[in-house]
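Below are the chains, spelled out letter by letter.
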Amino acid sequence: MDGLPIDTSHPAVRDYLALVRLQVLTPLSLLINIASVLTCAFVVRPSISQVSRLYPTAITPNSPAIGAYVAVIYAGQIGYCILLVMAGKPETKRALIKGVGLFLPGANVLMALWAIAWVMQWFLLSTILQGLLLLLLLFSNIALLIYHPPDSSRPLDTALIHAPLRFFLILPFGILFALSLFVTLHLTYEPTPPRGPPQDYSSWHALAAFGVLLGTNLAGLIVVIVRRDIVWCVAATWIAVSLWTAVPKPAPVYITSIVFTVLHPLGLLSSLIYAQFYSGARTRRIVLPGDESGHPGLYRRATPMGAGDGGGGSNNQGRGGNGPGVNGAVSGTSGQGAQGAQPGEVESGPREVDAETWG
């Protein structure tokens, strides 16, 4: 490296080299992910869906629905790879290099390895791979939200960086990690032929499935409401639909998945309405004229303190129950002295003040 004609220790050069590295590794890892998953889904026997049928659980999803979900992830990552090449804004480049970095290529490789481990029925390894995948995507999404948050001035960053990473995160968070863990812990059941429910209800392990489903969906619902996250709402609703459309299911899982299919969009809509019409305290207040100190309801005296006795303002200052502002204003307008109120000295009508001047 010492013989290169450029200074590789310069921050700009290091960022450029990091971007070039991502432009090579990210599409390559995506191709590995797609090739591995497609091979394990359509070529290898037993395939991914067939292994799921061999080891059914109470949270086994609808395979075509999850397949369509994964296809959307791949489409989003293709857009992400295009943005890697076309990025021109410094903020976008920083989000790609510092926010996502090598976490997405690593996640693609882990997903490819998980597909192989799943069809080979190495369930402990598949659970470990899903746990690592969840950690990588969680860290990357947190880094994006904290250091490179979505900006309305850069909609492509939101659509091609934040949305694909969030969509990818919810797949292991919402279903795949829990599914691998259930099979590893033998929380499966023997269906009645051909694909009916188990003969013994306890074989469902319905309570464990209900706890996992309730916990993940409640966490997702909180994110949807607090952050008004459209991507999380769509992804969580998609996974909930994939659960209750895969029959048979125990009643707690079936009912809970249907409930959250409704709650996620409803929570998002309610949060948007609240943010639009009722969010936070008002930033502007109405104050009556003459309020120099920021206290509402007080009027400025028409005459200065100690002015001539023809205006009557000084007499009203001695009255215990009446403040000098109101009585002064009245007497100043009715007095005959030369020190009466001048035009323009009292403002007419209410006016608005900022929150920081409000007493």
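Everything below is about the structure printed above this text.
Residues numbered from 1 in each chain as written. Predicted model: local features only at pLDDT ≥ 70, side-chain atom pairs only at ≥ 80, totals over all residues. Heavy atoms only, no water.

> How should I be thinking about the packing of helix α1 (residues 11-42) against helix α5 (residues 103-119) in this particular structure?
What describes two packed helices is the angle between their axes and the distance between those same axes. The N-to-C vectors of α1 and α5 enclose an angle of 15 degrees; their axes lie 8 Å apart at closest approach. The angle between α1 and α5 falls in the class roughly parallel. Both α1 and α5 take part in a crossing whose hand is left-handed. For the pair α1 and α5, contact is made by Leu25, Thr26, Ser29, Leu30, Ile32, Asn33, Ser36, Val37 and Cys40 and by Leu104, Pro105, Asn108, Val109, Met111, Ala112, Ala115, Ile116 and Val119, respectively. Class assignment for the residues of the contact of α1 with α5 results in 13 nonpolar, five polar and no charged. (Axes fitted to C-alpha atoms, helices over the stretch in contact; angles between N-to-C directions. Helix = DSSP H or I, 4+ residues; strand = E, 2+ residues; numbered from the N terminus. Parallel < 35°, antiparallel > 145°, perpendicular 65-115°, else oblique. Left-handed = near helix turned anticlockwise from the far one by under 90°. Contact = heavy atoms within 4.5 Å. Nonpolar A, V, L, I, M, F, W, Y, C, P; charged D, E, K, R; others polar.)

> How should I be thinking about unusual backbone geometry in this particular structure?
Put simply, arginine 45 and proline 46 share a cis peptide bond, and its omega is 0 degrees. Summarising the element assignment, proline 46 is placed in the loop between α1 and α2 (48-54). Notably, glutamine 121 is not glycine yet its phi reads approximately 65 degrees, a positive angle. Within the secondary structure layout, glutamine 121 lies in the loop between α5 and α6 (123-147). Taking the relative accessible area as the measure of exposure, glutamine 121 reaches 28% and is therefore partly exposed. (Buried < 20%, exposed > 50% of the residue type's maximum accessible area, 1.4 Å probe, protein only.)

> I'm lost on empty space enclosed by the protein in this one. Help?
The method is simple in principle: a probe with the dimensions of a water molecule rolls over the atoms, and the space it marks as empty is what remains. One pass over the full model with this rule turns up two cavities of 30 Å³ or more. Taken as a whole, the largest cavity holds about 90 Å³ of empty space. Looking at the lining of the largest cavity, the elements with two or more residues in it are α7 (155-184), α8 (206-227) and α9 (230-244). No other element matches α9, which puts five residues into the lining of the largest cavity. Looking at the lining of the largest cavity residue by residue, the class counts come to eight nonpolar, four polar and no charged. Taken as a whole, the second largest cavity encloses approximately 40 Å³ of empty space. Sorting the residues of the lining of the second largest cavity by element identifies α7 and α8 as the ones contributing at least two each. A breakdown of the residues in the lining of the second largest cavity according to their chemical character gives six nonpolar, two polar and no charged. (1 Å grid on protein atoms, 1.4 Å probe; cavity = no way out; pocket = protein on both sides within 12 Å on 5 of 7 lines; lining within 4 Å. Points joined across faces, edges and corners; volume = space filled by probe spheres on them.)

> Help me understand the layout of surface pockets in this model?
If you add up the space inside the largest pocket, you get close to 510 Å³. Lining the largest pocket are 22 residues, and of these Ala41, Ile48, Ser63, Ile66 and Gly67 sit closest to its centre. Within the residue set of the lining of the largest pocket, elements represented by two or more residues are α1, α2, α3 (63-86), α5 and α7. Examining the composition of the lining of the largest pocket, we find that seven residues originate from one element, α3, more than from any other. A class-by-class count of the residues in the lining of the largest pocket yields 16 nonpolar, six polar and no charged. Approximately 300 Å³ is the volume found for the second largest pocket.

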